[in-house]
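Observations on chain architecture
Residues per chain are reported as follows:
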Amino acid sequence: MARRKYVVGNWKMNGLAAAMGEAEAIFAAAKGHAAVDVAICPPFTLIGAMAAAQPGAAVGGQDCHSAASGAYTGSVAAPMLADAGATLVIVGHSERREGCGESDADVQAKAEAALGAGLSVILCVGEPREVRESGGAIDYVLAQVAGSVPADFGADRLAIAYEPIWAIGTGLVPTVADVEAMHGAIRDALAARFNDKAQAMRILYGGSVNGENAAELLGAADVDGALVGGASLTAGKFVPIVAAAAALG
Ligand code: PGA
């Protein structure tokens with residue numbers, strides 16, 4: 001099945017109002033690559049302004065709380081993201097699983113909250129370096145998939161992002177063979193649980209994607225797009241990744 005390529009920028013804790021021009025340039029360039037779905041997930045503080053400035057563009061959050069409202073100082077709920085103009089949200093990023101102690105059950109609850117608020121979800125999984133080195137990466141990631149993917153969702157509303165933790169922000173990337181083995185294993189696990197729906201779901205790769213390696217990574221079997229951190233902060237670095245995805249169709 002042909003799945004549309006999906007290239008998502010995760011700005012992490014980067015971006016003041018002055019960065020809005022980069023988003024404008026990215027979304028303008030994306031219009032020239034209509035076969036690719038492009039999204040930017042800026043910090044919470046820019047979501048409302050970015051969504052308002054870019055009608056029809058996909059702007060997302062980087063996290064949400066699992067509750068719709070309540071006494072959770074500093075947290076942002078999924079309906080608030082939707083209210084601000086977001087159409088998607090990242091959940092389960094390793095910087096939150098590891099840095100904020102989020103469990104698979106927490107990530108699943110966040111994904112369910114996001115879907116319930118009408119948002120699309122990018123659900124992240126990925127192994128630490130020692131797990132990769134011990135040969136247990138696939139088992140580790142499949143356990144995350146089993147524990148954090150919700151039971152019920154539309155195939156076009158939930159994408160998985162495989163992001164090996166040791167590849168994030170390090171310039172290291174797995175071999176194409178390792179990426180294909182992992183993405184294939186994730187697809188097989190999704191098929192075992194969700195049958196035909198698994199063929200329509202997108203599985204993104206993330207971790208040190210840049211303009212130089214995007215074509216090779218995005219061209220790998222079962223890689224349907226990229227979740228990009230550092231190289232998504234400027235149009236100069238991000239647009240070549242979008243163009244590489246477009247060239248692959
Ligand atoms: P990176 O980050 O592209 O800077 O490695 C990817 C991510 O954490 O989503």
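Preceding block: the structure.
Here is a short report on the structure shown in this document. Since the model is a prediction, treat every value here as computed from it, not as a measurement.

Now for the packing of aromatic side chains. What describes a pair of aromatic rings is the distance from one ring centre to the other and the angle between the planes of the rings. In total, this model carries 2 aromatic pairs according to the counting rule given. Above the face of the Y6 ring, R202 is positioned so that its terminal group lies 4.3 Å from the ring centre.

Most of strand β1 (residues 5-10) sits inside the fold, with 6 of its 6 residues counted as buried. Of the two faces of β1, the one holding K5, V7 and G9 and the one holding Y6, V8 and N10 are both buried throughout. Alignment of β1 against strand β2 (residues 36-41), held across 6 bridges, turns out to be parallel. Looking at β2, one finds that G9 is bridged to I40. Taken together, β1, helix α1 (residues 20-30) and β2 constitute a β-α-β crossover, and its handedness is right-handed. Looking at chain direction, β1 and strand β8 (residues 225-228) are connected through 4 bridges and run parallel. Pairing of G9 across the sheet is with V228, part of β8.

Here the focus is the site of the ligand. What surrounds the ligand is a group of 13 residues, the closest being K12, H93, E163, G169 and S208. In the model, an oxygen atom of the ligand is placed 2.6 Å from a nitrogen or oxygen of the H93 side chain. Note that an oxygen atom of the ligand is positioned 2.6 Å from one of the side-chain N or O atoms of E163. Relative to its unbound accessible surface of 280 Å², the ligand loses 95% to contact with the protein.

Quick look at the sheet that holds strand β4 (residues 88-91) now. Sheet architecture is closed into a barrel: 8 strands sit in the order β1-β2-β3-β4-β5-β6-β7-β8, paired in parallel fashion. This sheet shows a mean twist of 25° between the axes of neighbouring strands, independent of strand direction. The strands that helix α2 (residues 44-53) touches are β2 and β3 (58-61); relative to β3, the one it contacts most, it runs at about 170°. The sheet strands contacting helix α8 (residues 176-194) are β5 (120-125), β6 (158-162) and β7 (203-206), and the helix crosses β7 at an angle near 150°.

Take the side chain of S120 next. Mapped onto the elements, S120 comes out in strand β5. With sequence-adjacent residues up to four places away left out, S120 is seen in contact with T87, L88, V89, D156 and R157.

Rules behind the numbers
In this numbering scheme, every chain counts its residues from 1 along its sequence in written order. Where local features are concerned, this predicted model is filtered to residues with pLDDT of at least 70; where side-chain atom pairs are given and counted, the filter is 80 or more; whole-chain, interface and lining totals use all residues. The basis for the side-chain values is all heavy atoms of the structure; hydrogens and waters are excluded. In summary, the pairing rule links any two rings of Phe, Tyr or Trp, Trp by its six-membered ring, whose centres are within 6.5 Å, and it sorts them by plane angle into stacked for under 30 degrees, edge-to-face for over 60 and tilted for everything else. For a Lys NZ or an Arg CZ to count as sitting over a ring, it must be within 6 Å of the ring centre and within 35 degrees of the ring normal. Each residue's exposure class comes from its accessible area (1.4 Å probe, protein chains only) as a fraction of the maximum for that residue type: buried when under 20%, exposed when over 50%, partly exposed otherwise. Secondary structure elements follow DSSP: runs of H or I of four or more residues count as helices, runs of E of two or more count as strands, with numbering from the N terminus. For two strands to pair, DSSP has to find at least two bridges joining them. For a crossover, the right-handed case is the one in which the path from the first strand over the helix to the second runs clockwise, viewed with the strands pointing away from the viewer. Being near a molecule or strand, for a residue, means having at least one of its heavy atoms within 4 Å of it. Under this definition, polar contacts are N or O atom pairs within 3.5 Å; protein pairs additionally need one hydrogen-donor-capable and one acceptor-capable atom, and for neighbouring residues in sequence, both atoms have to be side-chain atoms. The Shrake-Rupley method, run with a 1.4 Å probe, gives the accessible areas here. Residue values count only the displayed protein chains as cover. To obtain an axis, a line is fitted to C-alpha atoms, over the contacting stretch when the element is a helix, and the angle between two such axes runs from 0 to 180 degrees between their N-to-C directions. Two residues form a contact once any of their heavy atoms are found within 4.5 Å.

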